[in-house]
Amino acid sequence: MISPSSLTSPAERVTPPPAGDGRGRRVVGSRQAAVLTVLAVLAVLSFLATLAWGSVAIPLGDVVAILGGEEASRRTWEAIVMDLRLPRAITAVFAGVATALAGLVMQTLFRNALAEPYVLGVTSGASLGVGLVLLPQGATAGLGAALLAAFAPLASIGVVAAAAIGALAVLLLMSAVAARVQNLVIVLVAGIMVSAFLTAIVNVLVFFARPEAVVAFTAWQFGTFQGVTMAQLPVLGGTVALGVLLLALSTKQLNASLLGERYAQSMGMSVRRLRLLAMASTALLAGAVTAFAGPIAFLGIAAPHLARGLLGSADHRVLIPGTALVGAVVALAAGVFAQLPGTDAVLPLNAALALIGAPVVLRVLLRLNRTGAGFTV
């Protein structure tokens, strides 16, 4: 059982607004509403930029016309926008929202400012689930892929399910570690070791897999928004929506948990229910993104901290939409940067995200060093 009180001292704990809002208080202040509005505008602009910029530059007016069902100046632009860039942009939005919210939940659940799916091995667990489906060799070579191909409409669901199961297994393991260890550093190191162990298993699978499967799997491991088709988007979007719904149902409990398990229990809330909802939500969010876009690093750490800094709040009723918008903006921006507009070159997605996320992580580390806190806003 995770014990937040064992991970931080009372002086270090964040004090959110009281859970529930039955006294007529405004949940979102005017400043926070303005920040959320600006983030929404930035998300829309980033989305349009993703459709307009690339190896072939398309005027923004033509992009808007294509989205509105009108004819563009060139017919080839319609194919580029609708068949190539639109699925990529929608995937970036789903991946950014899901990874950012998964990081937010894990930071709250583990009371750890550096917790996120990638760092604590959850992403590696999801990767192993995908690898076990797609990389078997010998008598079972391609068995998972063959079964999925036989049921084409369920293929994406099968891969997502494998990724979610792998993510959930690691979450349960890390929860057990956090219940027994009172040192945040040990929890982080344990997560890194679990990630290394699972990555080693994946590497063994890759070593014995067929060459064509290795090429595809290696490209997937770098992270990409380009491999998702319009036919697969409903599965990705539906899984992310379900994860967000589970997260929304636990908003009040997440706020109360910032004050410790005893406070949450005194409010009549079930800590067990919170953990189950939070873990199920994180497994779905991290599993869906990893299955379709590969292991995504840094975004899960950076987005929640950026949202806290911009909104100046620890209230999850405000943080959830704010973190989702920040995640979408960062993912879209990283996707545009990875495309290197004006050239045919494409950077690995995680390289672009590292350039954005690494400075945020360094800032968090420096802040933790100054305050000595395990979890700060």
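Residues numbered from 1 in each chain as written. Predicted model: local features only at pLDDT ≥ 70, side-chain atom pairs only at ≥ 80, totals over all residues. Heavy atoms only, no water.

A look at the overall build of the protein
Heads up, the condition is: Numbering goes from the N terminus for both helices and strands, where a helix is a DSSP run of H or I of at least four residues and a strand is a run of E of at least two. Buried means the residue's accessible area, taken with a 1.4 Å probe over protein chains only, is under 20% of the maximum for its type, while exposed means over 50%, and partly exposed covers the values in between. Contacts: residue pairs with any heavy atoms within 4.5 Å of one another. Only the protein chains shown count as cover for residues, and all accessible areas are computed by the Shrake-Rupley method using a 1.4 Å probe.
The number of helices and strands found in the protein is 16 helices and 0 strands. Here the protein holds 377 residues, and 52% of them are scored as buried. In the protein, the share of contacts with a sequence separation of at least 24, taken over all contacts with a separation of at least 6, comes to 78%. When the accessible surface of the protein is summed, it comes to about 16,500 Å², and 69% of that surface belongs to carbon and sulfur atoms.

Observations regarding empty space enclosed by the protein
One water molecule sets the probe size; rolling that probe over the atoms shows where empty space is left. Test applied: Residues are called lining when one of their atoms sits within 4 Å of a cavity or pocket point, these points coming from a 1 Å grid over the protein atoms alone, where a cavity is a set in which a 1.4 Å probe fits but cannot get out and a pocket is an open set with protein on both sides within 12 Å along at least five of seven lines. Grid points are joined across faces, edges and corners, and a volume is the space filled by probe spheres set on the points. Side-chain classes follow a simple rule in which Ala, Val, Leu, Ile, Met, Phe, Trp, Tyr, Cys and Pro form the nonpolar group, Asp, Glu, Lys and Arg form the charged group, and the remainder, Gly included, forms the polar group.
Taken as a whole and assessed by the stated rule, the structure comprises 2 cavities of 30 Å³ or more. When its volume is computed, the second largest cavity comes out at roughly 50 Å³. In terms of lining, the second largest cavity is formed by T99, P117, T123, A286, V289, T290 and I296. No other element matches the 3 residues that helix α13 (residues 271–293) contributes to the lining of the second largest cavity. For the lining of the second largest cavity, the class distribution of residues is 4 nonpolar, 3 polar and no charged.

Quick look at the nonpolar core
Where we set the bar: For this analysis, a nonpolar core means a set of buried residues of the types Ala, Val, Leu, Ile, Met, Phe, Trp, Tyr and Cys, connected via side-chain atoms within 4.5 Å.
Of all hydrophobic cores here, the largest spans 97 residues; its most connected members are L101, F110 and M174. In terms of residue count, helix α4 (residues 75–109) provides more of this core than any other element does, 16 residues in total.

Some details on the confidence of the model for the protein
It should be kept in mind that the predicted coordinates are not to be read in detail where pLDDT is low. Convention followed: Here pLDDT means the predictor's own confidence in every residue, given as a number from 0 to 100.
Counting all residues, the mean pLDDT for the protein is 79, and 81% of those residues have values of 70 or more. Mean pLDDT across the secondary structure elements of the protein bottoms out at helix α1 (residues 4–7), with 36, and peaks at helix α2 (residues 30–52), with 94. Below a pLDDT of 50 lies the segment residues 1–20, which in the model reaches 55 contacts outside its immediate sequence neighbourhood of four places, other chains included. The low-confidence segment residues 138–154 (pLDDT under 50) makes 13 contacts with residues lying over four places distant or belonging to another chain.

Digging into the packing of α4 against helix α15 (residues 316–339)
Put simply, the test is: Interaxial angles span 0 to 180 degrees and are taken between N-to-C directions of axes, which are lines fitted to C-alpha atoms, for helices over the stretch in contact. Each angle gets one of four labels, with under 35 degrees taken as roughly parallel, over 145 as roughly antiparallel, 65 to 115 as roughly perpendicular, and the rest as oblique. Left-handed is the label given to a crossing in which the near helix is rotated counterclockwise from the far helix by less than a right angle, and right-handed is the label when the rotation is clockwise.
Where α4 meets α15, the axes come as close as 7 Å, and the angle between the chain directions of the two elements is 135°. Judged by the inter-axis angle, α4 sits oblique to α15. Crossing of α4 against α15: the hand is right-handed. Contact residues: α4 offers R88, A89, A92, V93, G96, V97, A100, L101, L104 and T108, while α15 offers H316, L319, I320, T323, A324, G327, A328, A331, L332 and Q339. Grouping the constituent residues of the contact of α4 with α15 by class yields 13 nonpolar, 6 polar and 1 charged.

Let's talk about the packing of α2 against helix α3 (residues 60–67)
Where α2 contacts α3, the axes come no closer than 9 Å and their chain directions differ by 100°. Relative to α3, the element α2 lies roughly perpendicular. Two secondary-structure elements touch here, α2 through L48, L51 and A52 and α3 through L60, V63 and L67. Here the contact of α2 with α3 is built from residues that sort into 6 nonpolar, no polar and no charged.

What to know about the packing of aromatic side chains
Applied cut-off: Only the six-membered ring of Trp is used, alongside the rings of Phe and Tyr, when aromatic pairs are assigned; centres must lie within 6.5 Å, and planes under 30 degrees apart are stacked while those over 60 apart are edge-to-face, with the rest tilted.
Inspection of the entire model under this criterion finds 1 aromatic pair. For the pair F207 and F208, a centre-to-centre distance of 5.1 Å together with 85° between the ring planes defines the contact as edge-to-face. Taken individually, F207 and F208 each receive the classification exposed, so the pair is uniform in this respect.

Overview of the side chain of N350
Checked against the element boundaries, N350 lands in helix α16 (residues 349–371). Judged by relative accessible area, N350 falls into the buried class, the value being 15%. Leaving out residues up to four positions away in the same chain, N350 has contacts with Q221, F222, G223, P295, I296 and A297.

Quick word on α4
Rules: A helix is expected to span 1.5 Å for every residue after the first. A residue's bend is the angle separating two fitted axes: one through the seven residues that end there, the other through the seven that start there.
Counted at 1.5 Å a residue, the expected span for α4 with its 35 residues is 51 Å, and the 50 Å between its end C-alpha atoms agrees. Along its length, α4 shows its largest kink, about 45°, at R85, and proline P87 lies within four residues downstream of that point. Counting buried residues along α4, 25 of its 35 residues qualify, which places the element largely inside the surrounding structure. After α4 finishes, the residue R111 shows a positive phi value of roughly 55°.

Examining helix α10 (residues 233–249)
For α10, which comprises 17 residues, the first-to-last C-alpha distance of 24 Å matches the rise-based estimate of 24 Å (1.5 Å per residue) to within 8%. Within α10 the residues assigned to the buried category are L233, V235, L236, G237, T239, V240, G243, L246 and L247.

Some words on the layout of surface pockets
Taken as a whole, the second largest pocket holds about 270 Å³ of empty space. As for the second largest pocket, its lining consists of 18 residues, of which L84, R85, R88, Q226 and Q339 are closest to the centre. The element best represented in the lining of the second largest pocket is α4, accounting for 6 residues. Taken together, the residues that form the lining of the second largest pocket break down as 9 nonpolar, 5 polar and 4 charged.

Topic: the pattern of salt bridges
Note the following rule: Each reported salt bridge corresponds to a side-chain nitrogen of Lys or Arg within 4 Å of a carboxyl oxygen of Asp or Glu.
Enumeration according to the criterion identifies 1 salt bridge in this entry. Here D315 ties to R317 by a salt bridge, and the two come within 2.6 Å at their closest N and O atoms. A relative accessible area of 2% means that D315 is categorised as buried. According to the relative accessible area criterion, R317 is partly exposed, its value standing at 24%.

Overview of the environment of A49
Mapping A49 onto the fold places it in helix α2. When the C-alpha positions of A49 and A333 are compared, they lie 8.6 Å apart, and in sequence the two are 284 residues distant.

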